[in-house]
Amino acid sequence: MWSWQCSVELVAERDTQKAGSVQVVYRASGTLSCTFPGGEIVHRQGIGAAQGQGSWADAHELAIKAAETDALKRAASTLGP
């Protein structure tokens, strides 16, 4: 069994040259907790960052999801193959 706790922070946001378009950058940090069959509980931390560009909603959604995914992958990779 596993659980993931994550926080996401907006780092930067700016308008682009294209009307109605923005560019945003998010940073995510989280803790992955895994309970193994023998009862051992292991906690791993990961951080990630991502940028998104496009309409306001699309840019934020893309960047948030990508930053959180990056953080989760980094935490999981420390568990081994």
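Scroll up for the structure.
Residues numbered from 1 in each chain as written. Predicted model: local features only at pLDDT ≥ 70, side-chain atom pairs only at ≥ 80, totals over all residues. Heavy atoms only, no water.

Q: Whenever I open this one, helix α1 (residues 56-77) confuses me. Can you help?
A: The α-helix winds at 3.6 residues per turn, so residues separated by three or four positions along the chain end up facing the same way. For α1, which comprises 22 residues, the first-to-last C-alpha distance of 32 Å matches the rise-based estimate of 32 Å (1.5 Å per residue) to within 8%. Residues of α1 that are buried: A59, H60, A63, A67, A71 and A75. The buried residues of α1 occupy one face: seen down the axis, they fall within an arc of 115 degrees. In α1, the exposed positions angled more than 90 degrees off the buried face are occupied by K73 and S77. (Helix = DSSP H or I, 4+ residues; strand = E, 2+ residues; numbered from the N terminus. Expected span 1.5 Å × (residues − 1). Buried < 20%, exposed > 50% of the residue type's maximum accessible area, 1.4 Å probe, protein only. Arc of directions from axis to C-beta.)

Q: Please clarify how the pairing of strand β1 (residues 2-15) should be interpreted in this entry.
A: Sheet faces and side chains relate simply in a regular strand, where the side chains alternate between the two faces. Note that β1 and strand β2 (residues 22-35) share 13 bridges and pair antiparallel. Residue pairing for β2: S7 is matched across the bridge by S29. Taken together, β1 and the strand that follows it, β2, pair antiparallel across an intervening segment of six residues, in which G20 is found at a positive phi of about 75 degrees. (Pairing = 2+ DSSP bridges.)

Q: I keep staring at the pairing of β2 and nothing clicks. Help me out?
A: Here β2 runs beside strand β3 (residues 41-54); their pairing, made up of 14 bridges, is antiparallel. If you follow V24 over to β3, its bridge partner there is G52. In this structure, the hairpin formed by β2 and β3 is closed by a connection of five residues, where G39 is found at a positive phi of approximately 95 degrees.

Q: Which parts of the structure should I look at to understand the pattern of salt bridges?
A: When their charged atoms lie close together, side chains carrying opposite charge are able to pair. Evaluated as defined, the whole model comprises three salt bridges. Here E9 makes a salt bridge to R27, at a shortest N to O gap of 3.1 Å. Of the two residues, E9 is situated in strand β1 and R27 in strand β2; the sequence distance between them amounts to 18 residues. Residue classification places E9 among the partly exposed positions, given a relative accessible area of 42%. Between R74 and D70 there is a salt bridge whose closest N-O contact spans 3.2 Å. Residue R74 and its partner D70 are located together in helix α1, separated by four residues, close to a single helical turn. Looking at R74, the relative accessible area reads 46%, which means it is partly exposed. (Salt bridge = Lys/Arg side-chain N within 4 Å of Asp/Glu carboxyl O.)

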